[in-house]
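In case you want the letters, here they are:
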Amino acid sequence: GAGVSQTPSNKVTEKGKYVELRCDPISGHTALYWYRQSLGQGPEFLIYFQGTGAADDSGLPNDRFFAVRPEGSVSTLKIQRTERGDSAMYLCASSLTGGAGYEQYFGPGTRLTVT
Amino acid sequence: KNEVEQSPQNLTAQEGEFITINCSYSVGISALHWLQQHPGGGIVSLFMLSSGKKKHGRLIATINIQEKHSSLHITASHPRDSAVYICAVRSGNTGKLIFGQGTTLQVKP
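Now for a quick tour of the structure. Note that the structure is predicted; figures quoted are calculated from it, not measured.

Cut-offs applied
- Residue positions are counted from 1 within each chain, in the order its sequence is given.
- All chains are assigned letters beginning at A, and all ligands numbers beginning at 1, according to the order in which they are written.
- Local features in a predicted model are, by the rule used here, given only for residues with pLDDT of at least 70; side-chain atom pairs are given and counted only at 80 or more, and totals for whole chains, interfaces and linings are based on all residues.
- Hydrogens and water are ignored here; the side-chain numbers use all heavy atoms of the structure.
- When two cysteine sulfur atoms lie within 2.5 Å, the pair is treated as a disulfide.
- Numbering of helices and strands runs from the N terminus, with a helix taken as a DSSP run of H or I at least four residues long and a strand as a DSSP run of E at least two residues long.
- Buried residues are those whose accessible area, probed at 1.4 Å on protein chains only, stays under 20% of the maximum for their type, while exposed residues exceed 50% and partly exposed ones sit between those limits.
- Whether two residues are in contact is decided by their heavy atoms: any pair within 4.5 Å suffices.
- We count a salt bridge whenever a side-chain nitrogen from Lys or Arg sits within 4 Å of a carboxyl oxygen from Asp or Glu.
- Pairs of N or O atoms are called polar contacts if they sit within 3.5 Å, as long as, within protein, a hydrogen donor faces a hydrogen acceptor (for residues adjacent in sequence, only side-chain-to-side-chain pairs).

**Overview of the state of the cysteines**
Residues and elements named next belong to chain A.
Turning to step 1, where the next piece is worked out: In the structure shown here, the tally under the stated rule is 2 disulfides over all chains.
Turning to step 2, where the next piece is worked out: One disulfide bridge connects C23 with C92, the sulfur atoms lying 1.8 Å from each other. Taking the torsion about the sulfur-sulfur bond, which here is approximately -65°, the covalent link between C23 and C92 counts as left-handed. Separated by 69 residues along the polypeptide, C23 in strand 3 (residues 19-24) and C92 in strand 9 (residues 88-95) bring together distant segments of the chain.
Turning to step 3, where the next piece is worked out: A residue is classified by how much of its surface remains accessible, and C23, at 0% relative accessible area, is buried.

Here it is, written out as structure tokens:
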């Protein structure tokens, strides 16, 4: 079956612009995670959805970052007034549910470059 | 200090060598994951374990809960094993992962 997909694969934007990054999880997966990976570093947690609700958004760095999952499937990560420091690989993962015993399946990522 | 530490950060090996990558963590965990990341970003889950040892092909993962330590072993390494290997832990009942910084492995023919 289809895995996790993310669009776009690459996004170049100017400082100050607004961007949206999309994640399509595996069908039937209720848990969805967003992570951010800077060059040469391991990924860092941003936000976790269980169904439509954000169960944990403690990793969002500031109020310029926002994510939604209105129908419990596709999620959009939104970044306002982008800064050069937002440049990173944004990874999405999904799992059947959010419990500890479930594998997370990762998408290919969106590489965001803010110029 | 990071909650998840990996060593070494970089590793170069000759084809056929036995490889070990180590992971230490400082938080209570419900599970530990070993992940593989190839250039371009895609991450693949290799193992998820909460105790003991798991084996898949030439890969072996072990975990010692008391010592808060896990190892990933690769036997008979091959150039196609070249990738970044990442250790990640799940702490508590949340689904989120806490990642190590990754180990970049290069296997030379």
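**With respect to the interface of chain B and chain A**
Turning to step 1, where the next piece is worked out: Listed by partner, the interface residues are 21 residues for chain B and 23 residues for chain A.
Turning to step 2, where the next piece is worked out: Where chain B touches chain A, the interface holds 1 salt bridge.
Turning to step 3, where the next piece is worked out: Residue A:D56 is joined to B:K96 by a salt bridge in which the shortest nitrogen-to-oxygen separation is 3.6 Å.
Turning to step 4, where the next piece is worked out: For the pair chain B and chain A, the interface holds 5 residue pairs in polar contact (both at pLDDT 80 or more).
Turning to step 5, where the next piece is worked out: When contributions to the side of chain B that touches chain A are tallied by element, the ones reaching two or more residues are strand 4 (31-37), strand 5 (43-49), strand 9 (83-90) and strand 10 (97-99) of chain B.

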